[in-house]
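This is what each chain is made of:
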Amino acid sequence: SFISYGVIVELVDKENEPDANAFVNRNKKIYEELTGKQDFTNKRYYDEATNEVLMAYARAFTNVGLKSKNLEDNKAALYFLDIAAKTQPAYYKANEVAASIYLDENDLSGALKEYQEILKINPNHTNSLRNMALIYDLLENKVFARDYAMKYFESASTLAEKQEAQEILKQIGN
């Protein structure tokens, strides 16, 4: 395996330019070793390889987070899920799992934060919209609850989702 602790540190601290350059150079070597291609200097291949490596890390950390959650070690799970989210923000599965942990722990603000991150990436993510509406209803913020319920209704792609959104709107009331 070519995953090392040093690379993990660099992924978490992307603002450190020398470490980021070292990370990219290691990706170049990995790419060349795995593909046998020496054309890594081509920007397209460079970007694709870097993105593939980052996505692989994000999935791996998300899987470790899921396993930790299943072992009821939520602290460890949230730690690994946070690394996954920072490694590849566009891969929001880590945020979904983290939100479910926060909901299990009745930490509504933590769950809201994770759903907001998902909605930055995918503004029509129906599960996040639905859960935001329900959480804001629990927090008795009817304006936000109604707003997210309406967005959920508008983004719903199935009849069942539309019906559920209507039920949530009824539950919220005026």
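How each quantity is defined
Throughout, a residue's number is its position along its own chain's written sequence, starting from 1. Restriction of local features to residues with pLDDT of at least 70 applies here, the model being predicted, together with a cutoff of 80 or more for giving and counting side-chain atom pairs; totals for whole chains, interfaces and linings are based on all residues. Water and hydrogen atoms were dropped before computing side-chain values, which therefore reflect all heavy atoms in the structure. Remark: nonpolar core denotes a set of buried residues (Ala, Val, Leu, Ile, Met, Phe, Trp, Tyr, Cys) joined through side-chain atoms within 4.5 Å. Only protein chains enter the accessibility calculation, which uses a 1.4 Å probe; a residue whose area is less than 20% of its type maximum is buried, one above 50% is exposed, and one in between is partly exposed. Helix and strand assignments follow DSSP, with helices taken as H or I runs no shorter than four residues and strands as E runs no shorter than two, numbered in order from the N terminus. Here, residues are in contact when the closest pair of their heavy atoms is within 4.5 Å. A helix is expected to reach a length of 1.5 Å times the quantity of its residues less one. pLDDT gives the predictor's per-residue confidence on a scale running from 0 to 100.

### What to know about the nonpolar core
Proteins that are soluble and globular tend to have nonpolar side chains buried together.
Okay, step 1: Ranked by size, the top nonpolar core spans 33 residues in total, and within it Tyr115, Met132 and Tyr148 carry the most contacts.
Okay, step 2: Listed by contribution, the elements that provide at least two residues to this core are helix H3 (43-70), helix H4 (74-87), helix H5 (93-104), helix H6 (108-121), helix H7 (126-138), helix H8 (142-155) and helix H9 (159-172).
Okay, step 3: When near neighbours in sequence (up to four residues on either side) are disregarded, tyrosine 115 contacts Ala99, Leu103, Ser128, Asn131, Met132 and Ile135.

### Digging into H6
Okay, step 1: Under the 1.5 Å per step criterion, the end-to-end length of H6 is 20 Å for 14 residues, consistent within 8% with the ideal 20 Å.
Okay, step 2: Residues of H6 that are buried: Leu108, Gly110, Ala111, Leu112, Glu114, Tyr115, Ile118 and Leu119.
Okay, step 3: On the buried face of H6, the contacting elements are H5, H7 and H8.

### Let's talk about the confidence of the model for the protein
Okay, step 1: Residues with a pLDDT of 70 or more make up 72% of the protein, whose mean pLDDT is 82.
Okay, step 2: Low pLDDT (under 50) marks residues 1-18, which in the prediction has 23 contacts with non-local residues, meaning those over four places away or in another chain.

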